[in-house]
Amino acid sequence: MPQVAVKIGPQEKSFECQEGENLLYEAISRSIMIPFNCTSGRCGSCRIRVLEGAEKLSEVGDREILRLGEEQVEKGFRLGCQTYVYGDVRVEVPQPRLY
Ligand code: FES
């Protein structure tokens, strides 16, 4: 099963999920709080940056390019709600919310 590591500030948490699952939903269901709002690719609050394993994620979609811009996408930014996991990845939350 794919292993997902999420870096939030100084902490890093990992979990396993089924192939093809949504990165944001899987993280949140394990209390790994990636900020989110719309879950439909519009608000941009679930922005993450891929540190390792970008090729193990679903392809960048039109909504991500529209919301993030090509420059951000080229730097490895994705929208967690639009990202599906197909292998081991490591991502970070660039602007974590402190709860
Ligand atoms: S939660 Fe709004 S773009 Fe992902």
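What you see is a predicted model, and the numbers here were worked out from it, not measured in a lab.

### Focus: the nonpolar core
- Val-4, Val-6, Phe-15, Leu-23 and Ile-34 are the most contacted members of the largest nonpolar core, which has 23 residues in total.
- Elements represented by at least two residues in this core include exactly strand E1 (3-8), helix H1 (23-29), strand E4 (47-52), strand E5 (77-79) and strand E7 (89-93).
- Leave out the neighbours within four places in its chain, and Val-6 touches Gln-11, Glu-12, Lys-13, Phe-15, Ile-32, Ile-34, Val-91 and Val-93.

### With respect to the pairing of E7
- Where burial is concerned, most of E7 is hidden: four out of the five residues are buried.
- Of the strand pairs in this sheet, E1 and E7 are connected by five bridges, and their pairing is parallel. Note that in E7 the partner of Val-6 across the bridge is Val-91.
- Pairing of E4 with E7 involves three bridges; the strand directions are antiparallel.

### Looking at the environment of Thr-39
- Within the fold, Thr-39 resides in the loop between H1 and E4.
- By relative accessible area, which is 29% here, Thr-39 ends up partly exposed.
- In sequence terms Thr-39 and Lys-13 are 26 residues apart; their C-alpha atoms lie 21 Å from each other.
- Dropping the residues within four chain positions of it, Thr-39 is found in contact with Leu-24, Tyr-25, Cys-81 and Gln-82.

### Things to note about the sheet that holds E1
- Judged by pairing direction, the sheet is mixed, and its five strands sit side by side in the order E2-E1-E7-E4-E5 without closing on themselves. Here the strands that pair on one side only, and so sit at the sheet edges, are strand E2 (11-16) and E5. Averaged over all adjacent pairs, the angle separating strand axes in this sheet is 35°, with direction ignored.

Criteria and thresholds
- Residues numbered from 1 in each chain as written.
- Predicted model: local features only at pLDDT ≥ 70, side-chain atom pairs only at ≥ 80, totals over all residues.
- Heavy atoms only, no water.
- Core = buried A, V, L, I, M, F, W, Y, C linked by side-chain atoms within 4.5 Å.
- Buried < 20%, exposed > 50% of the residue type's maximum accessible area, 1.4 Å probe, protein only.
- Helix = DSSP H or I, 4+ residues; strand = E, 2+ residues; numbered from the N terminus.
- Contact = heavy atoms within 4.5 Å.
- Pairing = 2+ DSSP bridges.
- Axes fitted to C-alpha atoms, helices over the stretch in contact; angles between N-to-C directions.

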